[in-house]
Amino acid sequence: MIEPTIKLSDEQVASYHREGYLAIEAITTHDEVARLREIYDRLFAQRVGREEGNQFDLAGADDEDAEASLPQILSPVKYAPELANTLCRANALAIAKQLLGPEAEYHGEHAILKPAFHGAETPWHQDEAYWDSALEYNELSVWIPLQEANLENGCMHFIPRSHQLEVMPHHSINHDPRIHGLEIDKIDAAPAVACPLPPGGATFHGPRTLHYTPPNRSAISRRAYILGFGTPAKKRATPRDFYWNQMKKTAREERVQQMQKKS
Ligand code: NI
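Residue positions are given per chain, counting from 1 as you read along its sequence in written order. Local features in this predicted model are restricted to residues of pLDDT 70 or higher, and side-chain atom pairs are both shown and tallied only at a pLDDT of 80 or more, whereas totals for entire chains, interfaces and linings draw on every residue. The side-chain numbers reported here are obtained from all heavy atoms of the structure, hydrogens and water having been left aside.

## Examining the overall build of the protein
- The secondary structure content of the protein amounts to 5 helices and 13 strands.
- Counting only C-alpha atoms, the protein reaches 50 × 45 × 40 Å along its principal axes.
- We call a residue buried when its accessible area falls under 20% of the maximum for its residue type, exposed when it is over 50%, and partly exposed in between, using a 1.4 Å probe and counting protein chains only. Per-residue burial for the protein yields a buried fraction of 54% across its 263 residues.
- For this analysis, residues touch if any pair of their heavy atoms sits within 4.5 Å. Pairs at least 24 residues apart make up 84% of the contacts formed inside the protein by residues separated by at least 6 positions.
- Element-wise, carbon and sulfur atoms account for 54% of the exposed surface of the protein, whose accessible area totals about 12,400 Å².
- In this count, Lys and Arg are taken as positive residues and Asp and Glu as negative ones, while His and the chain termini are left out. In this description, the location of a charge corresponds to atom NZ of lysine, CZ of arginine, CG of aspartate or CD of glutamate. Side-chain charges in the protein split into 28 positive and 37 negative, and the spacing between the mean points of these groups amounts to 3 Å. Under the DSSP-based scheme used, a helix requires at least four consecutive residues in state H or I and a strand at least two consecutive residues in state E, with every element numbered from the N terminus. Here the open area of atoms and residues is found with the Shrake-Rupley method and a 1.4 Å probe, where only the protein chains shown may cover a residue.

Set out below in structure tokens:
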């Protein structure tokens, strides 16, 4: 296994817990970023996982013949096993243990591509709004751009200290239940902070930290590779109603059901 090469300072750890997010300039080497970018582009070009519902349009209705505006792959490591043994993963896990406790472990990964010129925005949301409303989470996401990420191509934006909020009401993007992506009903984005990063930098955020990425207006595709870590989720004492997830009817879910019928 690859050994981690990064340790956060006490100041960085305190800043993460105070603000609900943290940005660092490098989580891996330039060589590894170049390798990851090749794998990444191949997986999207081959549309891996499409049939089993692991590749779909996060921001559109996901019609078979239309170009996706925000294509996403769930668990790219299933299609490129070499992703299991990377320096960025080793460093991300080491940092997750610093931020969440020594029991923190890898929970999953996905890839979100914003195609050049037309990649859609990812509206303001809290990640926990997608998850099981019956569980209590101690999680974080590590967002790694595989090229520079800036205001023009869709870098990460956060609302400082929003990690202390409850999960706010969400709805499917454009109120279209065919769309997988969620957006928050009402938001005051004035306090938002943009986090431009060099290739192979990283941001960390919690499950309730409000975040957003703008559309890609640049000539280069914006590739983000996202790793999730956490301690085992616990059952909540008080139930919540994430009704927005019950209202969804996406093409991706239909493909998952088709696959289950076949097997
Ligand atoms: Ni998110």
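That covers the picture; the talk isn't over yet.
## Description of the coordination of the nickel ion
- As a rule, N, O and S atoms within 2.8 Å of a metal are its donors, except that Na, K and Ca use 3.2 Å; water is not among the atoms, so sites may look incomplete. The protein atoms that coordinate the nickel ion are His125 (NE2), Asp127 (OD) and His211 (NE2), at distances spanning 2.1 Å.
- Read N to C, the donor residues that coordinate the nickel ion are spaced as H-x1-D-x83-H.
- With relative accessibility at 6%, the residue His125 sits in the buried group.
- Classification of Asp127 as buried rests on a relative accessible area of 13%.

## Focus: the pairing of strand β13 (residues 222-235)
- The element β13 is largely enclosed, with a buried count of 10 among its 14 residues.
- When DSSP locates at least two bridges between a pair of strands, those strands are taken to pair. Strand direction decides the pairing type here: strand β6 (residues 135-145) and β13, joined by 10 bridges, are antiparallel. By the bridge assignment, Val142 is partnered in β13 with Leu227.

## A word on the sheet that holds strand β10 (residues 193-195)
- The 4 strands lie next to each other as β5-β12-β7-β10, forming an open sheet whose pairing is antiparallel. Strands with a single pairing partner mark the edges of an open sheet, and in this sheet they are β5 (122-125) and β10. Each adjacent strand pair in this sheet contributes to an overall mean axis angle of 25°, direction not counted. To get an axis, a line is fitted to the C-alpha atoms, and for a helix only the part in contact is used. The angle between two axes follows their N-to-C directions and goes from 0 to 180 degrees.

## Considering the nonpolar core
- Within the largest apolar cluster, 35 residues are counted, with the highest numbers of intra-cluster contacts made by Ile24, Ile27, Leu99, Leu140, Val142, Ile144 and Phe204.
- For this core, the secondary-structure elements that each account for two or more residues are α1 (10-19), β1 (21-24), α2 (30-45), α3 (87-100), β4 (105-114), β6, β11 (202-205) and β13.
- Residue contacts for Leu140: discarding those within four places in its chain leaves Tyr16, Ala96, Leu99, Leu100, Phe204, His205, Leu227, Gly228 and Phe229.
- Among the buried residues, those of types Ala, Val, Leu, Ile, Met, Phe, Trp, Tyr and Cys that are joined through side-chain atoms within 4.5 Å form a nonpolar core. Judged by nonpolar contacts, the second largest core, of 18 residues, contains Tyr21, Ala59, Met156 and Cys195.

## As for the sheet that holds β4
- Ordered by their spatial adjacency, 7 strands build an open sheet running β1-β11-β6-β13-β4-β3-β2, and the pairing between neighbours is antiparallel. Each end of this open sheet is capped by a strand with a single partner; those strands are β1 and β2 (55-57). Each strand of the sheet is rotated relative to its neighbour by a mean of 20°, with strand direction disregarded.
- Two strands pair when backbone bridges link them, and β4 and β13 are joined in this way by 9 bridges, in the antiparallel orientation. By the bridge assignment, His110 is partnered in β13 with Ile226.

## Points about the packing of aromatic side chains
- Pairs were defined over the aromatic rings of Phe, Tyr and Trp, the Trp ring being its six-membered one, requiring ring centres within 6.5 Å. Orientation was assigned from the angle between planes: stacked under 30 degrees, edge-to-face over 60, tilted for the rest. If you walk through the whole model with that rule in mind, you get 7 aromatic pairs.
- With a centroid separation of 6.1 Å and 75° between ring planes, the pair formed by Tyr106 and Phe229 is classed as edge-to-face. Residue Tyr106 is located in strand β4, and its partner Phe229 is located in strand β13; the two are separated by 123 residues in the primary sequence.
- Residue Tyr106 is classed as partly exposed on the basis of its relative accessible area, which comes to 31%.
- For Phe229, a relative accessible area of 0% gives the class buried.
- Between the aromatic rings of Trp124 and Tyr212, the centroid separation amounts to 5.2 Å while the plane-to-plane angle is 20°, which identifies the pairing as stacked. With Trp124 in strand β5 and Tyr212 in strand β12 (residues 211-213), this residue pair connects regions lying 88 residues apart in the sequence.
- Grouped by ring-pair contacts, the aromatic residues Phe242, Tyr243 and Trp244 constitute a single cluster.

## Here we look at the state of the cysteines
- The disulfide definition used here is simple: a pair of cysteine sulfur atoms within 2.5 Å. Applying the stated criterion across every chain yields a total of 0 disulfides.
- Cysteine Cys88 shares no disulfide, and the gap to the nearest cysteine sulfur, in Cys195, comes to 18 Å.
- Cys195 takes part in no disulfide bond, and the closest cysteine sulfur to it belongs to Cys155, at a distance of 7.2 Å.
- For Cys195, a relative accessible area of 6% corresponds to the buried category.

## Observations concerning the side chain of Glu19
- Its location among the elements puts Glu19 in helix α1.
- Take Glu19: its relative accessible area is 14%, and that puts it in the buried class.

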